[in-house]
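As a plain string of letters, each chain reads:
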Amino acid sequence: MESAEKERRTFIYTVGAMCMVGRGMFESSTVLNPPEEVNLLMQGIFLFAMGYLIVTQYMTKVSLVFFSYLGLMCLYTYANVHYYYIISTFLCIWAVRGVDLNFFLRWKLRVLTLYLSLHVVIYFILKYLMPETISYAYRNGIQRDSFLITHPNTFAMFTAWAVFEYIYLHYARLRIRDYFGILLITAFVKKFTDTNTFLLCIVVVLFLTIMDKRGNQFFRKLLYLFSRYGFLVLTVFFSVLTASYTRLTGAALQFYDLLNRLFTGRLLYGACVYDFYGGTLLGQSVSFGEKTYWRGYWFDVISCDNTYVWAFVNFGLIYMLLIGAGFFMISKKTTTAQQILITSYTLYGIMEAYILNAMFCFPVLFIGLCLWDAAGEKESGIGRQKKRISVEEGTY
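Conventions adopted
Residues numbered from 1 in each chain as written. Predicted model: local features only at pLDDT ≥ 70, side-chain atom pairs only at ≥ 80, totals over all residues. Heavy atoms only, no water. 1 Å grid on protein atoms, 1.4 Å probe; cavity = no way out; pocket = protein on both sides within 12 Å on 5 of 7 lines; lining within 4 Å. Points joined across faces, edges and corners; volume = space filled by probe spheres on them. Nonpolar A, V, L, I, M, F, W, Y, C, P; charged D, E, K, R; others polar. Helix = DSSP H or I, 4+ residues; strand = E, 2+ residues; numbered from the N terminus. Phe/Tyr/Trp six-rings, centres within 6.5 Å; stacked < 30°, edge-to-face > 60°. Buried < 20%, exposed > 50% of the residue type's maximum accessible area, 1.4 Å probe, protein only. Lys NZ or Arg CZ within 6 Å of the ring centre and 35° of its normal. Contact = heavy atoms within 4.5 Å.

Caption draft 1: Representation of empty space enclosed by the protein. Under the defined criterion, the tally for this structure stands at 3 cavities of 30 Å³ or more. Counted as a void, the second largest cavity has a volume near 50 Å³. Lining of the second largest cavity is provided by Arg139, Arg144, Asn153, Thr195, Asn196, Thr197, Thr264, Arg266, Met351 and Glu352. Its residues assigned to classes, the lining of the second largest cavity comprises 1 nonpolar, 5 polar and 4 charged.

Caption draft 2: Fine view of the environment of Arg110. Mapping Arg110 onto the fold places it in helix H5 (residues 101–129). Taking the C-alpha atoms as reference points, Arg110 and Phe164, separated by 54 residues in sequence, lie 13 Å from one another.

Caption draft 3: Local environment of the packing of aromatic side chains. Under the counting rule described, the total for this entry stands at 38 aromatic pairs. Taking the centre distance of 5.6 Å and the plane angle of 90 degrees together, the rings of Tyr115 and Phe158 count as edge-to-face. With a gap of 43 residues between them, Tyr115 in helix H5 and Phe158 in helix H6 (residues 152–169) connect regions that are remote in the sequence. Like Phe158, Tyr115 is buried. One Lys or Arg, Arg23, reaches over the ring of Tyr84 and ends 4.4 Å from the middle of that ring. When the ring centre of Tyr171 is taken as origin, the NZ or CZ atom of Lys213, which lies over that ring, is 4.2 Å away.

Caption draft 4: Expanded view of the layout of surface pockets. In this model, the largest pocket occupies a volume close to 580 Å³. When residues of the lining of the largest pocket are traced back to their parent elements, those giving at least two are helix H1 (2–28), H6 and helix H12 (307–315). Of all the elements, H6 adds the most residues to the lining of the largest pocket, at 4 residues. For the lining of the largest pocket, the class distribution of residues is 11 nonpolar, 10 polar and 3 charged.

Caption draft 5: Quick look at the side chain of Glu352. Residue position: Glu352 is located in the loop between helix H14 (336–351) and helix H15 (365–375). Owing to a relative accessible area of 2%, Glu352 belongs among the buried residues under this scheme. Sequence-distant contacts of Glu352, that is, excluding residues within four places in its chain, are made with Asn153, Thr197, Arg266, Asp305, Asn306 and Thr307.

See the structure below:
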């Protein structure tokens with residue numbers, strides 16, 4: 001009965017989550033644009049599925065109160081910044097308990113692979129038959145292809161997390177041909193999108209995977225420590241760095257400028273927003289004109305692809321602290337494969353702002369998958385389930 005219940009919950013979770021995945025794909029595509037009614041229907045199915053899984057969970061009163069307050073916080077933040085991934089990610093983390101996450105990831109990998117393949121094929125057809133219909137992005141004079149997706153970085157993000165899902169799902173069975181295929185995909189994406197974040201994270205994941213396969217205990221220890229503390233450390237580091245910019249002098253200012261150049265100007269955007277609006281714990285609305293002058297700099301668009309910085313000045317530092325605390329709490333329950341993906345997730349946030357979208361950047365779901373076991377809670381709460389649903393960490 002328990003196995004049947006787990007399968008039922010997994011199916012409901014997958015249907016709901018795939019609706020949100022589909023919505024994200026449609027929003028990012030320039031060729032797949034269904035009517036708004038379709039997007040609203042998918043959103044409704046997602047909310048119904050996650051809501052059903054949450055109200056039928058069996059949890060302690062402490063967990064119920066905690067998640068209820070967290071849900072109210074997410075609604076407050078959404079009202080301020082209109083970033084709905086805050087809510088969808090929160091619901092997916094809460095609802096994933098007792099779900100076979102691998103089942104959902106397998107289906108998402110299939111759909112995402114089809115989605116990316118379709119865009120690449122159509123792109124090359126149009127490029128050679130109707131080149132005037134193709135638009136490009138440019139950075140420092142370098143042409144960047146987006147493959148009919150809204151931005152080259154978005155295409156690279158989809159591809160990166162599809163590769164990470166493949167590695168995670170096939171971790172115990174990875175072969176030389178898998179590594180070779182991943183390197184070919186990496187070379188292709190780097191050549192056409194000129195995205196450094198994608199290259200860095202793929203290299204890190206492959207390196208850590210190879211070190212683990214070789215049984216290197218030193219790297220396993222470093223991996224464990226970084227997956228346990230890295231997210232919290234980077235959250236504090238970038239928040240303090242952003243808040244301190246206007247007071248930095250001498251060697252400290254030179255160090256900041258070095259980091260800012262290394263991160264292609266991302267840090268300076270955050271310092272500008274902080275100077276105008278300050279930091280925020282629960283989120284704040286920020287707005288600027290078409291051009292902004294600040295301390296000798298002109299900005300055409302104020303945005304920041306460093307999640308740690310942008311959380312501090314826009315959608316709320318509290319969420320980064322909670323995610324970091326979650327990774328800390330579950331660290332002793334995670335497998336090596338999960339630790340590698342948490343490390344990649346942590347690093348990805350330095351250069352991109354996508355990681356709060358759990359439907360694509362999935363390691364944050366490990367928190368909901370492992371949290372209750374890590375906390376060692378006794379079951380004495382609400383819900384219609386009569387038995388505790390075991391949490392499966394994954395089969396590798």
